[in-house]
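Inside the fold
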Amino acid sequence: MLQSWVDGKPNDSDAVFILQRFSSASQGNELPNKYFVELTKTAVVNINWPQKARLGAMRAVGTIAGRSTYEESTYTWLFDYVQNNKDIAFRRAAAGAIYHMTLNPIHIKAVETHLTTEPDKEIVQTLQAAIKEAKEPKKP
């Protein structure tokens with residue numbers, strides 16, 4: 001059933017409802033977060049979804065993945081969007097998603113390297129904030 005939601009062609013309000021449902025279900029541990037990440041990634045790439053909802057889904061990937069230990073493939077998928085997608089809105093949304101994840105030292109180094117050639121100021125600011133957040137000691 002959940003797969004059919006993200007494979008379908010929802011209108012704007014239904015798409016928002018679906019993403020909200022995934023977020024609340026993820027917070028409630030109704031299924032492991034990896035399933036909600038994969039479902040939300042499917043919404044991002046489904047061109048039958050409204051673009052605004054797809055961008056929201058992109059940000060939600062990072063939020064959901066950031067709630068638990070995420071698959072390395074999630075970070076790689078988002079970082080690939082930041083580096084290679086032609087649509088600046090999706091690149092910015094992917095950078096925002098990365099901000100919500102816990103970056104390890106390898107990720108930090110890759111992001112720092114990318115920042116040396118990133119032309120978009122908004123992406124630079126978002127990724128710099130992600131690095132700063134990752135390097136700050138966590139409060140108990």
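Numbers given for residues are sequential positions, taken from 1 along each chain in its written order. Since the coordinates come from a predicted model, pLDDT governs what is reported: local features require at least 70, and pairs of side-chain atoms require 80 or more to be given and counted, while whole-chain, interface and lining totals use all residues. Water and hydrogen atoms were dropped before computing side-chain values, which therefore reflect all heavy atoms in the structure.

**Regarding the overall build of the protein**
Cut-off, in case you're wondering: By definition, any uninterrupted DSSP run of H or I lasting at least four residues is a helix, any uninterrupted run of E lasting at least two residues is a strand, and each is numbered from the N terminus. Remark: exposure states derive from per-residue accessible area (1.4 Å probe, protein chains only) relative to the maximum for the residue type, with buried under 20%, exposed over 50%, and partly exposed in between. Throughout, a contact is declared for two residues whenever any of their heavy atoms are within 4.5 Å. Only the protein chains shown count as cover for residues, with accessible areas throughout obtained via the Shrake-Rupley method and a probe of 1.4 Å. A positive count includes Lys and Arg, and a negative count includes Asp and Glu. His and the chain ends are not counted in either. All charge positions are set by atom: Lys at NZ, Arg at CZ, Asp at CG, Glu at CD.
Along the backbone of the protein there are eight helices and zero strands. When the helices and strands of the protein are listed from N to C terminus, the series reads α-α-α-α-α-α-α-α. Across its three principal axes, the protein shows a C-alpha extent of roughly 40 × 40 × 20 Å. The proportion of buried residues among the 140 residues of the protein is 42%. In the protein, the proportion of contacts linking residues at least 24 apart, taken out of those at least 6 apart, comes to 64%. In the form shown here, the protein has an accessible surface area of approximately 8,000 Å², with 54% of it arising from carbon and sulfur atoms. Averaging the locations of the 17 positively and 15 negatively charged side chains of the protein gives two centres separated by 3 Å.

**Quick notes on the nonpolar core**
What counts, and what does not: Side-chain atoms within 4.5 Å link the members of a nonpolar core, which is a set of buried Ala, Val, Leu, Ile, Met, Phe, Trp, Tyr and Cys residues.
If you look at the biggest cluster of nonpolar residues, it comprises 41 residues, and the most contacted ones within it are Val44, Trp49, Met58, Leu78 and Leu127. Elements with a minimum of two residues in this core: helix H2 (12–27), helix H3 (33–45), helix H4 (51–65), helix H5 (72–84), helix H6 (88–99), helix H7 (105–115) and helix H8 (121–135). When residues of this core are assigned to their parent elements, the largest contribution, seven residues, is made by H4.

**A closer look at the confidence of the model for the protein**
The line we're drawing: Each residue carries a pLDDT score, the predictor's own confidence in it, on a scale running from 0 to 100.
Looking at the protein as a whole, the pLDDT averages 90, with 96% of positions reaching at least 70. By mean pLDDT, the top-scoring element of the protein is H6 (97), and the lowest-scoring one is helix H1 (residues 2–7) (83).

**Here's the deal with the packing of H2 against H3**
Put simply, the rule reads: To define axes, lines are fitted to C-alpha atoms, for helices over the stretch in contact only, and angles between the resulting N-to-C directions are given on a 0 to 180 degree scale. Angles below 35 degrees are treated as roughly parallel, those above 145 as roughly antiparallel, those between 65 and 115 as roughly perpendicular, and all remaining angles as oblique. With the far helix as reference, a near helix turned anticlockwise by less than a right angle produces a left-handed crossing, and one turned clockwise produces a right-handed crossing.
It is at 9 Å that the axes of H2 and H3 come closest, and there the two elements cross at 165 degrees. It follows that H2 is roughly antiparallel to H3 by the angle criterion. For the pair H2 and H3, the crossing hand works out as left-handed. Between H2, through Leu19, Phe22, Ala25 and Ser26, and H3, the contact on the second element is made entirely by Asn33, Phe36, Leu39 and Thr40.

**As for H8**
Cut-off, in case you're wondering: Take the number of residues in a helix, subtract one, and multiply by 1.5 Å to get its expected span. The term polar contact refers here to a pair of N or O atoms within 3.5 Å; inside protein, the definition further demands a hydrogen-donor-capable atom paired with an acceptor-capable atom, and it admits residues adjacent in sequence only when both atoms are side-chain atoms.
With 15 residues, H8 extends 21 Å between its outermost C-alpha atoms, agreeing within 8% with the 21 Å of an ideal straight helix rising 1.5 Å per residue. The inward-facing, buried residues of H8 contact H5, H6 and H7. Taking the backbone nitrogen of Glu122 as reference, a side-chain oxygen 3.2 Å away marks Asp120 as the first, capping residue of H8.

**Topic: the side chain of Glu118**
Of note, Glu118 is situated in the loop between H7 and H8. Here His114 takes part through its side chain, which lies 2.7 Å from a polar atom of the side chain of Glu118. From its side chain, Glu118 meets the backbone nitrogen of Asp120 in a polar contact 2.9 Å long. Beyond its immediate chain neighbours, meaning those up to four positions away, Glu118 contacts Val82, Arg91, Ile123 and Val124.

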